[in-house]
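# Close look at the chain arrangement
One letter stands for each residue in the lines below.
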Amino acid sequence: MKKIAILGLGYVGLPLAVEFAKKHPVIGFDINKFRVNELKSGHDSTLEVDDDNLLSVLIEKAHGKKDRGMYLSANIDDIKSCDIYIVTVPTPIDKYNRPDLTPLIKASQTVGKVIEKGNIVIYESTVYPGATEEDCIPVIEKNSGLVYNKDFFAGYSPERINPGDKVHTVTKIKKVVSGSTPEIANEVNELYKSIIEAGTHLASSIRVAEASKVIENSQRDINIAFVNELSVIFNKMGIDTLDVLEAAGTKWNFLPFRPGLVGGHCIGIDPYYLTHKAQEIGYNPEIILAGRRLNDSMGFRVAGEVVKLMIKKEHKINGAKILVLGITFKENCPDIRNSRVIDVIREFQSFGCNVDVYDPWAAAAEVKAEYGIELTTDIENCKKACYDAVVLAVSHNQFKNIDINKLKNSTDTIVYDIKGLFDINDVNGRL
């Protein structure tokens, strides 16, 4: 039974580590000691793994003769005896929308310090085609003194975690796998088949597997950009976009995308990895970047529409009180990474508006650290405040039955519904 090290215990790494630990000996490694200690206590603040499931696989000591279970550590020495290293660290972009491989390079340096002959390193982080073998493997070779595909081997199996989704969990989504040699590809395939109920797809190469992942989210991004553009057009024509989509959706092959803010750590970021690589090889992508520009503009467009509606109702904009419902990047999930709701908030603030933000899923300390915003934590306080405008930004279940009238300053209060959650008769505008 080979011992597995999972590097990175976030939204991707932890669920994967827990599933592997049910059948294999696993060391869960993260450089964030606070995160490791939190998980050792039996709680996952991302809510991707419930406490009972986490506690069921935890063990207090590193593996000796045990054949399954997970030991958690922030100490690199604890992963030295592993046979397989799986890297699940974030792959963000910088302020210029360029790939930032820093977490990936640092994780590769860590692997390089502990990897031994015959070991396999598998990357799950979303990257552009070629990143594994061109950017990561040389770092391992430099730090280990070992030779790729002679002394150690590699695989790539892109993560397919959907944060907050309790139906399409890690074992229930088909897994793309690949390896640096045919033999290693088969070994990686068998490893994942041991836990993935939905089965695996063995890609012909690591580069193919990398490309398959990065186009998944690029495709979604482009489709959402299309319906976002439709919402702009139909808004100018006085036509309700959701009514149009409902009618068009009666055709069997119409794709059911809806307009909205596109954030998070995947759809709003991954396309830039593909376009970066395209530009590097001399091709300037047009459709992908056009979709990105349009989606990145939606938060500012929403704020502008709300301000126009407020002006029509003769609200004084400078000093107006606005409530934004939701700041996570998607519904029923505590993840605030790259949430584009912040664009709406910042635009309101640029007009001199006073903005309150209420989100029952988000952690107030994280929102303060990430965006500098003091979260309003009690909806009852919001009801007492009485607002000139209320914007529904995220469709959390808690918002479905909220009484909008108790949040209003007057009958002229503007209610704008980004997600199409409220009854059309209760809102003044929506995407």
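Please refer to the structure placed before this passage.
This report concerns the structure included in the present document. (Residues numbered from 1 in each chain as written. Predicted model: local features only at pLDDT ≥ 70, side-chain atom pairs only at ≥ 80, totals over all residues. Heavy atoms only, no water.)

## What to know about the pairing of strand E6 (residues 153–156)
To keep things clear, this is the line we draw: Between buried and exposed lies partly exposed: a residue is buried under 20% and exposed over 50% of the maximum accessible area for its type, with that area taken using a 1.4 Å probe on protein chains only. Think of it this way: any DSSP run of H or I at least four residues long counts as a helix, any run of E at least two long counts as a strand, and we number them from the N terminus. The rule for pairing is simple: two strands pair if DSSP sees at least two bridges between them. Here, the term right-handed applies to a crossover whose path from the first strand over the helix to the second runs clockwise when the strands point away from the viewer.
Alternating residues of E6 divide into Phe 153 and Gly 155 and Ala 154 and Tyr 156, and every residue in both groups is buried. Of the pairings in the sheet, the one linking strand E5 (residues 120–123) to E6 comprises 4 bridges and is parallel in character. Bridging from a neighbouring strand, Val 121 pairs with Ala 154 of E6. With helix H5 (residues 131–144) bridging E5 and the parallel E6, this β-α-β connection has right-handed handedness.

## Examining the pattern of salt bridges
Pairing is possible between side chains of opposite charge, provided their charged atoms come close. Cut-off, in case you're wondering: Counted as salt bridges are all cases of a side-chain nitrogen of Lys or Arg within 4 Å of a carboxyl oxygen of Asp or Glu.
Summed over the entire model, instances satisfying the criterion amount to 21 salt bridges. One salt bridge connects Arg 292 with Asp 221, and the closest N-O pair in it is separated by 2.7 Å. Pair noted here: Arg 292 is in helix H10 (residues 287–312) and Asp 221 is in helix H7 (residues 206–237), with a separation of 71 residues, a long-range link. As far as burial versus exposure is concerned, Arg 292 and Asp 221 are alike and both buried. For Lys 277, the salt bridge goes to Glu 280, with nearest N and O atoms at 2.8 Å. You can see Lys 277 and its partner Glu 280 sitting in helix H9 (residues 270–280), 3 residues apart, about one turn around the helix.

## Observations regarding a nonpolar patch on the surface
The following threshold applies: Put simply, a patch holds well-exposed residues, over 30% relative accessible area, that have no salt bridge, with like charges counted together within 9 Å and Val, Leu, Ile, Met, Phe, Trp or Tyr side chains within 5 Å. Shrake-Rupley sampling with a 1.4 Å probe provides the accessible areas, and residues are treated as covered by the protein chains on show and by no other component.
On the surface, Ile 233, Met 237 and Ile 239 cluster together into a nonpolar patch covering about 270 Å² of accessible area. Take Ile 233: it is sitting in helix H7. Taking relative accessible area as the criterion, Ile 233 reaches 41% and is therefore assigned partly exposed.

## Things to note about the packing of aromatic side chains
Heads up, the rule is: Only Phe, Tyr and Trp rings are paired, with Trp represented by its six-membered ring, and only when their centres lie within 6.5 Å; those with planes under 30 degrees apart are stacked, over 60 edge-to-face, the remainder tilted. We count a charge as sitting over a ring when the NZ of a lysine or the CZ of an arginine lies within 6 Å of the ring centre and within 35 degrees of the ring normal.
Tallied over the full model, the rule gives 4 aromatic pairs. Seen in terms of ring centroids, Tyr 358 and Phe 399 are 6.1 Å apart; in terms of plane orientation they differ by 50°. Their pairing is tilted. With Tyr 358 in strand E10 (residues 354–358) and Phe 399 in the loop between strand E11 (389–392) and strand E12 (414–417), this pair connects stretches of sequence that are 41 residues apart. The ring of Trp 252 has Lys 251 lying over it, and the distance from NZ or CZ to the ring centre is 4.5 Å. It is Lys 321 that lies over the ring of Tyr 387; its NZ or CZ is 5.8 Å from the centre.

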